Amino acid sequence: VQLQASGGGLVQAGGSLRLSCTVSGSIISIDDMGWYRQAPGKQRELVAVITSATSTNYADSVKGRFTVSRENSTNTMYLQMSSLKAEDTAVYYCNAHLYTRWGTGDYWGLGTLVTVSS
C-alpha cells in the first residue's frame with residue numbers, strides 16, 4: 001500500500017497550486033483522507049480532512065482559500081490551494097485511513113514541498 005503525493009513547487013504569494021494524493025496497492029476501501037503540513041521548526045498540523053461521504057473540515061488558517069476533494073474511482077484526493085501566503089510554506093503530507101486485507105489503519109505519504117515566495 002502506498003500514498004503518493006505530488007503537485008508541490010515554488011509559487012508566488014497570491015498564486016495557486018493543486019496537490020494530488022493517490023492511494024495504490026491492495027486496499028479494500030478508503031475511509032477518511034486528509035492533508036497535513038509541517039513547516040520548518042513547527043509541529044505537523046491538520047490542513048483539511050474529507051470523509052468517505054465527502055464531508056470536509058478545514059483548519060481556520062486555510063478556510064476560504066483551500067478546497068479538499070476526492071475522486072473515489074481513482075483513489076485520489078486533491079487539495080486546491082489559492083491565495084497562497086508565505087506562511088503556507090511547508091511540506092504537505094497526505095493521510096488516509098485504509099481497510100486492507102491485513103486490517104485497518106492510518107497510512108502516510110512521503111510529502112510534497114510547497115514554497116510560497118513573498
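Coordinates for the structure precede this section.
The paragraphs below set out a description of the structure included in this document.

Reading the values: rules and limits
- Residues numbered from 1 in each chain as written.
- Predicted model: local features only at pLDDT ≥ 70, side-chain atom pairs only at ≥ 80, totals over all residues.
- Heavy atoms only, no water.
- Helix = DSSP H or I, 4+ residues; strand = E, 2+ residues; numbered from the N terminus.
- Rg over C-alpha atoms; globule rule 2.2 N^0.38 Å.
- Buried < 20%, exposed > 50% of the residue type's maximum accessible area, 1.4 Å probe, protein only.
- Contact = heavy atoms within 4.5 Å.
- Areas by Shrake-Rupley, 256 points an atom, 1.4 Å probe, with all protein chains shown as cover.
- Core = buried A, V, L, I, M, F, W, Y, C linked by side-chain atoms within 4.5 Å.
- Pairing = 2+ DSSP bridges.
- Axes fitted to C-alpha atoms, helices over the stretch in contact; angles between N-to-C directions.
- Phe/Tyr/Trp six-rings, centres within 6.5 Å; stacked < 30°, edge-to-face > 60°.
- Lys NZ or Arg CZ within 6 Å of the ring centre and 35° of its normal.
- Salt bridge = Lys/Arg side-chain N within 4 Å of Asp/Glu carboxyl O.

1. Concerning the overall build of the chain
Scanning the chain from N- to C-terminus turns up zero helices and 11 strands. Along the chain, from the amino end to the carboxyl end, the secondary structure elements read β-β-β-β-β-β-β-β-β-β-β. Against the 2.2 N^0.38 benchmark of 13 Å for 118 residues, the chain shows a C-alpha radius of gyration of 14 Å, consistent with a compact globule. Summarising its shape, the C-alpha atoms of the chain cover approximately 45 × 25 × 20 Å along the three principal directions. Residues classed as buried in the chain amount to 38% of the 118 residues present. Taking the contacts inside the chain whose residues are at least 6 apart along the sequence as the reference set, 53% of them involve residues at least 24 apart. In the form shown here, the chain has an accessible surface area of approximately 6,200 Å², with 47% of it arising from carbon and sulfur atoms.

2. Some remarks on the nonpolar core
Trp-35, Leu-79, Met-81 and Tyr-92 are the most contacted members of the largest nonpolar core, which has 30 residues in total. Elements with a minimum of two residues in this core: β1 (2–6), β3 (17–24), β4 (27–38), β5 (45–50), β7 (66–71), β8 (76–81), β9 (90–100) and β11 (112–117).

3. Looking at the sheet that holds β3
Ordered by their spatial adjacency, four strands build an open sheet running β1-β3-β8-β7, and the pairing between neighbours is antiparallel. Edge positions in the open sheet fall to β1 and β7, since each of these has one partner strand only. Direction aside, the axes of adjacent strands within the sheet are offset by 15° on average. Across six bridges, β3 lies against β8 in antiparallel orientation. Along β8, the bridge assignment pairs Ser-20 with Tyr-78.

4. Some points on unusual backbone geometry
In this structure, Thr-54 is a non-glycine residue whose phi angle is positive, near 65°. For Ser-83, which is not glycine, the phi dihedral falls at a positive 50°. On the secondary structure map, Ser-83 appears in the loop between β8 and β9. Take Ser-83: its relative accessible area is 41%, and that puts it in the partly exposed class.

5. Focus: the packing of aromatic side chains
By the definition in use, this model includes one aromatic pair. One Lys or Arg, Arg-44, reaches over the ring of Tyr-93 and ends 3.8 Å from the middle of that ring. When the ring centre of Trp-108 is taken as origin, the NZ or CZ atom of Arg-44, which lies over that ring, is 4.7 Å away.

6. Remarks on the pattern of salt bridges
For the structure shown, the criterion picks out four salt bridges. With a closest N to O distance of 2.9 Å, Asp-88 and Arg-37 form a salt bridge. Here Asp-88 is found in the loop between β8 and β9, whereas its partner Arg-37 is found in strand β4, with 51 residues between them in sequence. Looking at Asp-88, the relative accessible area reads 0%, which means it is buried. Accessibility expressed as a relative area gives 6% for Arg-37, which makes it buried. Each of Arg-37, Glu-45, Arg-65 and Asp-88 takes part in one network of salt bridges that share partners.

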